[in-house]
Amino acid sequence: MANITTSDMRGGTKVMVDGDPCAVLDNEHVKPGKGQAFNRLKLRNLRSGRVWERTFKSGDTLEGADVMDTDMEYLYTDGEFWHFMAVDGSFEQHAADQTAVGDAMKWLKEQEKYVVTLYNGAPLAVSAPNFIELEVTETDPGVKGDTANGGSKPATLVTGAVVKVPLFINIGEVLRVDTRTGEYVSRATGK
């Protein structure tokens, strides 16, 4: 990959630091009153998820990481790996382990598209879409006149995730859920 100078790095830029692929979260240019200017980078290690800050002299270069964000369709899990297929026409399949899937595990629905971050052809991270539609498999029945102001109850979705929902939601309904916060948004519109 090409070398990237510290002044060209923006949030989301992927670089190699100490042999690991990292994403730049923030780049602060500091020019002290005395001495040489420097850049304070906030980095996230894409393998471990660790976040830290590091300073580089202004104008230093880092090697760009060979990291690609690819749209992939979730196929199935075999208990140890979660299998994804590229939707770009190549139909290439990749198996992601539990560390790569991470928190997206509770939002994985077969035949749904996800963004998979690949490093040297191996999945590093899986990102769920911002909103996903999932069916309610278990919830307490809502009783009419149960509350004067809008109450909520827990509902278990088909993926195993538990979400707080309004009292009028019943088993079998399909809900639209925000995967970033894990909150109920609305009932799903008919397809």
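All figures in this text were calculated on a predicted structure; none of them were measured in a lab. (Residues numbered from 1 in each chain as written. Predicted model: local features only at pLDDT ≥ 70, side-chain atom pairs only at ≥ 80, totals over all residues. Heavy atoms only, no water.)

Attention shifts here to the UniProt feature "modified residue: N6-(3,6-diaminohexanoyl)-5-hydroxylysine" (unreviewed entry) in the protein. Within this numbering scheme, the UniProt entry marks Lys 34 as carrying the feature "modified residue: N6-(3,6-diaminohexanoyl)-5-hydroxylysine" (unreviewed entry). A residue is classified by how much of its surface remains accessible, and Lys 34, at 77% relative accessible area, is exposed. (UniProt positions renumbered as here; feature names shortened; annotations may be inferred. Buried < 20%, exposed > 50% of the residue type's maximum accessible area, 1.4 Å probe, protein only.)

It is worth spelling out the packing of aromatic side chains at this point. Ring pairs (aromatic) are described by centroid distance and by the angle formed between their planes. Under the criterion given, the structure shown has 2 aromatic pairs. Where Tyr 74 meets Phe 84, the ring centres are 5.5 Å apart and the plane angle is 55°; that geometry is what we call tilted. In this pair, Tyr 74 sits in strand 7 (residues 67-77) while Phe 84 sits in strand 8 (residues 82-86), placing the two residues 10 residues apart along the sequence. Residues Tyr 74 and Phe 84 agree in their burial class; the two are buried. Their ring planes at 80° and their centres at 6.3 Å tell us that Phe 84 and Tyr 114 sit as a pair that is edge-to-face. Residue Phe 84 is located in strand 8, and its partner Tyr 114 is located in strand 10 (residues 113-119); the two are separated by 30 residues in the primary sequence. (Phe/Tyr/Trp six-rings, centres within 6.5 Å; stacked < 30°, edge-to-face > 60°. Helix = DSSP H or I, 4+ residues; strand = E, 2+ residues; numbered from the N terminus.)

The biggest cluster of nonpolar side chains holds 27 residues, and the ones touching the most others in it are Phe 84, Trp 107, Leu 108, Tyr 114, Val 126, Leu 157 and Leu 175. Looking at this core, the elements with two or more residues in it are strand 7, strand 8, helix 1 (98-101), strand 10, strand 12 (131-139), strand 13 (152-157), strand 14 (162-166) and strand 15 (174-178). Domain assignment of the residues forming this core places at least three in each of domain 2 (67-127) and domain 3 (131-187). Other than its neighbours up to four places away in sequence, Leu 175 contacts Ile 132, Glu 133, Leu 134, Val 136, Leu 157, Val 165, Ile 169, Tyr 184, Ser 186, Arg 187 and Ala 188. In this structure, Cys 22, Val 24, Phe 56 and Leu 62 belong to the second largest nonpolar core, which totals 10 residues. (Core = buried A, V, L, I, M, F, W, Y, C linked by side-chain atoms within 4.5 Å. Domains from an automatic or database assignment. Contact = heavy atoms within 4.5 Å.)

It is possible for side chains of opposite charge to pair when their charged atoms get near one another. Summed over all chains, the structure comprises 6 salt bridges. The shortest N-O distance in the salt bridge between Glu 28 and Arg 40 comes to 3.3 Å. Taken as a pair, Glu 28 in strand 3 (residues 20-30) and Arg 40 in strand 4 (residues 38-45) lie far apart in primary sequence, 12 residues in all. Owing to a relative accessible area of 28%, Arg 40 belongs among the partly exposed residues under this scheme. (Salt bridge = Lys/Arg side-chain N within 4 Å of Asp/Glu carboxyl O.)

Before going further, it helps to spend a moment on the pairing of strand 13. Every second residue of strand 13 is oriented toward a common face, the buried set being Lys 153, Ala 155 and Leu 157 and the non-buried set Ser 152, Pro 154 and Thr 156. Note: strand 12 against strand 13, 3 bridges, orientation antiparallel. Its bridge partner lying in strand 13, Thr 139 is registered against Ala 155. Looking at chain direction, strand 13 and strand 14 are connected through 5 bridges and run antiparallel. Paired with Lys 153 across the two strands is Val 165, which belongs to strand 14. Between strand 13 and the antiparallel strand that follows it, strand 14, lie 4 residues; Gly 160 among them carries a positive phi value of about 100°. (Pairing = 2+ DSSP bridges.)

A few words now on the sheet that holds strand 14. Reading across the sheet, the 5 strands line up as 14-13-12-15-16 and stay open at both edges, with antiparallel pairing between neighbours. The outermost strands of the open sheet, each flanked by one partner alone, are strand 14 and strand 16 (183-187). Strand-to-strand, the axes of this sheet are offset by a mean angle of 55°, without reference to chain direction. Here strand 12 pairs with strand 15 via 5 bridges, running antiparallel. What sits directly across from Phe 131, in strand 15, is Asp 178. (Axes fitted to C-alpha atoms, helices over the stretch in contact; angles between N-to-C directions.)

Before going further, it helps to spend a moment on unusual backbone geometry. Of note in this structure, Asp 18 is not a glycine but carries a positive phi near 55°. Inspection of the secondary structure assignment puts Asp 18 in the loop between strand 2 (14-17) and strand 3. Of note, the phi angle at Gln 111 is positive, near 70°, even though the residue is not glycine. Relative to the elements of secondary structure, Gln 111 occurs in the loop between helix 1 and strand 10. Assessed through its relative accessible area of 56%, Gln 111 is described here as exposed.

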